[in-house]
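Inside the fold
Chain by chain, the residues:
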Amino acid sequence: MTWVAWRQVRTQALVIFGGLALLAAATVVTGLQIRHVAEGCAATVDCSQLVGITTSGFTWVELLLRGAALAMPVITGMFLGAPLIARELETGTHRMVWTQAVSRSRWLAVKVLVVGVVSVLASGLTSWMTTWWFGPDDSWQMDKFVDSIFSIRDVVPLGYAAFAFAVGVTAGLLMGRVLPAMATTLVTFVAARMVVQLLVRPRFATPLFYAGAFHPGPGGSVKDGAIPAGSWVADGQIFDPSGHPVQVLRFGPGDACVATNTCLNGYTQRVQYQPWTRYWPFQWTETGLFVVLALLLIGFCFWWINGHRLPGRGAPVARVAAPHAAPRVPDERTARDGHVDGRVPAGSDEPRLTGVDR
Amino acid sequence: MGETVIEFHLDARSGVSPYRQIVDQVRRAVRLGMLREGDQLPTVKEAVGQLAINPNTVLKAYKELEHAGLVSARPGVGTFVTAQVHDETIAAHGPLRRDLVEWLDKARSAGLDDESIEALFRDALQDDMTQGVA
Amino acid sequence: MNAVLEAEGLSKRYGRRWALTDCDLSIPAGRVVGLVGPNGAGKSTLLNMAVGLLPPTEGRLDVLGRTPKAGAALAGVGFVAQGTPVYAGLSVADHLRLGRHLNPTWDQGLADERVARLRLDPAQKGGKLSGGQQAQLALTVAVAKRPELLVLDEPVASLDPLARREFLQGLMEIVADQDVSVVLSSHLVADLERVCDYLVVLVDSRVRVAGDVEELLATHHLLSGPFHDMDRLPRDWEVIHASHTPRQSTLLVRTDQPILDPSWTVDQVGLEDLVLAYMSTGEGTLRLTGTER
């Protein structure tokens, strides 16, 4: 059964891993050069001033890595997850495979395991490469909560991959057709990522709260001054000495306070933030969240596949319906619907399972 | 083991059942000398492979031929022709045939065409059969 | 003789439509059973239930003495689905390998022998095979698991006449060679006429008639004669179909007794006409042509 599952996904898997191998080659070659530069700078200057500079010579690798790391979960979800069952239902081969001496649950379990591992592995490798390549940069870059970093580093992509795969499998099972299932996977995955990123991730832990004197950080921002560097600021507000909220602070050379450096006297700020020490807890929480969602979906698939009516077009309709030379018995269904023993005739609720004939 | 010497063919439009057609074809082949004593009939598998018919049909035909003493089955080997058809029946009925030919001449001279002769014959035969049953 | 398939009050509903209603069937072992009926009569529904792909809505269904369900219960059942689906991306050899991995009773020798005799290229992809070759491959996978019962759902419907003939030849060779019962469906009686020795006619989700083909042919008579009052026919006649003109009556009658009334001309009825008569209800819609007896 393992062979069967692997054989059916072999081509796609080889394409994906082949692409990853090429990417890995580029990553290693350029990554070593970056490390060389980084070591040089550590000996001379404050490297944090170099954020983005070490990688700037290799924009194409950077773009490829970012793109691959961002897209890999949804790619495997669409191309490995969605067709997993939908392809069988669409071509009718589920009728061949489900009538062998292997139960549906076992069939599904092996397929999900084999193809699921391939999917998660693909994103795992991509994330590993990305995290390594950006390593020197990341060590100076304090803003690791930024989504474009947080969501393509370390373990989170594995959770995404598991989830996208499960969405694909479920959509395929419920829709029975590959293309709609792929589209649904894309839309669902992007929507889920957005919702988690914007609404859920900020609530993984109660933010810390700072209220007190305003200490501007670099560039005059609310953070970095009073709260630890690298924190994720959820909400911040500056108040003037009379207690009114201020949007923009404007001081020019004409202001007397500039000379005495007292312009900010009396200003206060209130900030809600997640300290940078929560980076790993947040990584694991988000990964766990998506893995749990994935497991729920897969569990649903197991429940559904045993004893539910399944969609799918079964036999290739066009081929069967094609006119052929032999005389046909008149189609009694069209001829007599309406008085089939007083029952309500076929309507739109007719399932597609058995294709042309049931 | 003998070599297969005849192939069966079926006429789907004849209205004669496939089993009867097989029996007739073997009898004819034997009568014409195409099949001789010791010749092997096609195996059931060969026959159904040629004709796409139910194996039981072939088996039934072979059983009837066996019953008639024309062939005999050697289990695990095949079915072989064991006898010649000495068509004594037809030969023995020579006088009857002569009568019939005479009668046909009479019918023609009475102005009956082939179709009417056939209808008349069939009618009489059926009457006779009905009376026989009743 | 024990039954390979036994149904009692078997019904299947899709939404509000009944695809199969109150089906009672007992199909004896060792037969080639033809399941005929128009499209939409419930043939596929019945067969899909028989191989555990669909659960019944009501009633009982036993196949080889157990409730059909995916898994070990299907080890003894080979199935060729409608449209004879095969994996487009897998080669012929891959299909056999798949069958071997999924069935403990797999007979690789039989599979290889069939592939060789059909002159299928083991390296050829399923999607590149002709319709007839796909059907033969699907049949090979179903047969090589050495089933006691072979179920085929409209296996020849999409094939050209030559491929149709070749498929049925192969199927009959299997029946001659192995101890296997067969149930196959078609909406064309002509497909099944030669190969079946048992017939089940399904119309409008109900079993109209089921029985041994020879017995059916022997007990059905096509009668034509002067106009007869339908109420005065012999009691033991079951009139399957009747059409009348003011002067003439034509009947298809089922009876075990000989037809004694000389006013009837008795013709033998072919299987196709017999089935058509069962499929058409009402009077006068069908012209039956018998062969003279």
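Numbering of residues starts from 1 in every chain and runs along the sequence as written. Lettering of chains starts at A and numbering of ligands starts at 1, both following the order in which they are written. Per-residue local features of the predicted model are confined to residues with pLDDT of at least 70, and side-chain atom pairs are confined, for both listing and counting, to 80 or more; whole-chain, interface and lining totals are unaffected and use all residues.

Some words on the overall build of chain C
Counting from the N terminus, the helices are DSSP H or I runs at least four residues long and the strands are E runs at least two residues long. Check the secondary structure of chain C and you find eight helices and 14 strands. On C-alpha atoms alone, chain C measures out to a radius of gyration of 21 Å, which is about the 19 Å that the 2.2 N^0.38 rule sets for 293 residues. With respect to the three principal axes, the spread of C-alpha positions in chain C is 65 × 40 × 35 Å. Per-residue burial over chain C gives 55% buried out of 293 residues. Contact definition: two residues whose C-beta atoms, as placed from backbone geometry, lie within 7 Å. In chain C, the proportion of contacts linking residues at least 24 apart, taken out of those at least 6 apart, comes to 67%. This radius of gyration counts C-alpha atoms alone. The globule rule is 2.2 Å times how many residues there are, raised to the power 0.38. The burial criterion counts other C-beta atoms lying within 10 Å of a residue's C-beta, which is placed from the backbone; the residue is buried at 20 or more, exposed at 12 or fewer, and partly exposed between these limits.

With respect to the interface of chain C and chain B
Each partner contributes residues to the interface: chain C has 17 residues there, and chain B has 14 residues. The element best represented in the side of chain C that touches chain B is helix H5 (residues 161-177) of chain C, accounting for eight residues. Note that Gly is not counted as nonpolar here; it falls among the polar residues with everything else outside the nonpolar set of Ala, Val, Leu, Ile, Met, Phe, Trp, Tyr, Cys and Pro and the charged set of Asp, Glu, Lys and Arg. Grouping the amino acids of the side of chain C that touches chain B by side-chain chemistry returns ten nonpolar, two polar and five charged.

Focus on the pairing of strand S7 (residues 181-186) of chain C
All names here are of chain C. Most of S7 is tucked away, with six of its six residues classed as buried. Of the two faces of S7, the one carrying Ser181, Val183 and Ser185 and the one carrying Val182, Leu184 and Ser186 are both buried. Two strands form a pair only when DSSP identifies at least two bridges running between them. Pairing geometry for strand S3 (residues 32-36) and S7, over five bridges, is parallel. Paired with Val33 across the strands is Val183, a residue of S7. In this structure, strand S6 (residues 149-152) lies alongside S7, joined through four bridges in parallel fashion. Bridge pairing in S7 links Leu149 to Ser181. Classification remark: right-handed applies to a crossover when, strands pointing away from the viewer, the course from the first strand over the helix to the second runs clockwise. Handedness of the crossover is the feature at issue here: the chain leaves S6, passes through H5, returns alongside S7, and the resulting connection is right-handed.

A look at the confidence of the model for chain C
Known as pLDDT, the predictor's per-residue confidence is scaled from 0 to 100. With 95% of its residues at a pLDDT of 70 or more, chain C has an overall mean of 86. Looking at the elements of chain C, mean pLDDT is at its lowest for strand S14 (residues 291-292) of chain C, recorded as 48, and at its highest for S6 of chain C, recorded as 94.

Concerning the domain arrangement of chain A
Much of the literature gives interface size as the accessible area that the parts lose upon coming together. All names here are of chain A. Domain ranges listed in this record stem from an automatic or a database domain assignment. Domains assigned within chain A are domain 1 (2-203 + 279-305) and domain 2 (208-278). Contacts between the two partners involve eight residues from domain 1, matched on the other side by seven residues from domain 2. Taken together, the residues of the side of domain 1 that touches domain 2 sort by class into six nonpolar, no polar and two charged.

What about the sheet that holds strand S4 (residues 268-274) of chain A?
All names here are of chain A. The four strands are arranged S1-S4-S2-S3 in an open sheet whose pairing can be described as antiparallel. Sheet topology places strand S1 (208-213) and strand S3 (245-246) at the edges, where each strand pairs with a single neighbour. Relative to S4, S1 is paired through six bridges, and the arrangement is antiparallel. Bridge pairing in S4 links Ala213 to Thr268.

Remarks on helix H8 (residues 178-200) of chain A
Residues and elements named next belong to chain A. The span you would expect from a helix comes to 1.5 Å times its residue count less one. Between its first and last C-alpha atoms H8 spans 31 Å; for 23 residues at 1.5 Å apiece the expected length is 33 Å, and the two agree. Within H8, the full set of buried residues consists of Val178, Ala181, Met182, Thr185, Phe189, Arg193 and Val196. On the buried face of H8, the contacting elements are helix H2 (59-91), helix H7 (156-175) and helix H10 (279-305).

With respect to the domain arrangement of chain C
Residue and element names in this part refer to chain C. One can read the domain layout of chain C as domain 1 (3-204) and domain 2 (215-292). On a C-alpha basis, the centroid separation for the pair domain 1 and domain 2 is 34 Å. Tallying the contact residues gives eight residues for domain 1 and six residues for domain 2. Within the residue set of the side of domain 1 that touches domain 2, elements represented by two or more residues are helix H6 (189-192) and strand S8 (198-203). Of the residues belonging to the side of domain 1 that touches domain 2, the class tally is seven nonpolar, no polar and one charged.

Here's the deal with H10 of chain A
Residues and elements named next belong to chain A. With 27 residues, H10 extends 39 Å from end C-alpha to end C-alpha; this agrees with the ideal 39 Å at 1.5 Å per step. Residues of H10 that are buried include every one of Glu286, Phe290, Ala294, Leu297, Ile298 and Cys301, and no others. Buried positions along H10 lie against helix H4 (104-133), H7 and H8.

A look at unusual backbone geometry
Residues and elements named next belong to chain C. You will see that Thr84, though not glycine, has its phi angle at about 40°, which is positive. Its location among the elements puts Thr84 in the loop between strand S5 (77-80) and helix H2 (92-102). Phi at Arg146 takes a positive value of approximately 55°, unusual for a residue other than glycine.

Observations concerning the sheet that holds strand S2 (residues 17-28) of chain C
All names here are of chain C. A sheet is described by the order of its strands in space; here three strands give the open sequence S2-S1-S4, paired in antiparallel fashion. Two strands lie at the open edges of the sheet, namely S2 and strand S4 (58-63), each paired on one side alone. Each neighbouring strand pair of the sheet contributes to a mean axis angle of 20°, computed without reference to strand direction. Relative to S4, strand S1 (residues 3-14) is paired through five bridges, and the arrangement is antiparallel. Of the residues in S4, the one forming a bridge with Leu5 is Val63. Here an axis means a line fitted to C-alpha atoms, over the contact stretch when the element is a helix, while the angle between two N-to-C directions is reported on a 0 to 180 degree scale. Across the sheet, helix H1 (residues 43-50) is in contact with S1, S2 and S4; its angle to S2 comes to roughly 60°.

Digging into the packing of H2 of chain A against H4 of chain A
Residue and element names in this part refer to chain A. Running from N to C, H2 and H4 cross one another at 175°; their axes reach a closest spacing of 9 Å. Here H2 is positioned roughly antiparallel relative to H4, judged by the angle of their axes. Residues Leu65, Ala68, Ala69, Met72, Pro73, Thr76, Leu80, Gly81 and Leu84 of H2 form the contact with H4, whose participating residues are Lys111, Val115, Val118, Ser119, Ala122, Ser123, Thr126, Ser127, Met129, Thr130 and Trp133. A class-by-class count of the residues in the contact of H2 with H4 yields twelve nonpolar, seven polar and one charged. Oblique is the label for every angle not falling under 35 degrees (roughly parallel), over 145 degrees (roughly antiparallel), or within 65 to 115 degrees (roughly perpendicular).

Topic: the pairing of strand S11 (residues 238-244) of chain C
The side chains of a regular strand alternate, residue by residue, between the two faces of the sheet. Residues and elements named next belong to chain C. As paired strands, S11 and strand S12 (residues 248-254) are joined by six bridges and run antiparallel to one another. The partner of Val239 across the bridge, within S12, is Val253. Between S11 and S12, which pair antiparallel in sequence order, lie three residues.

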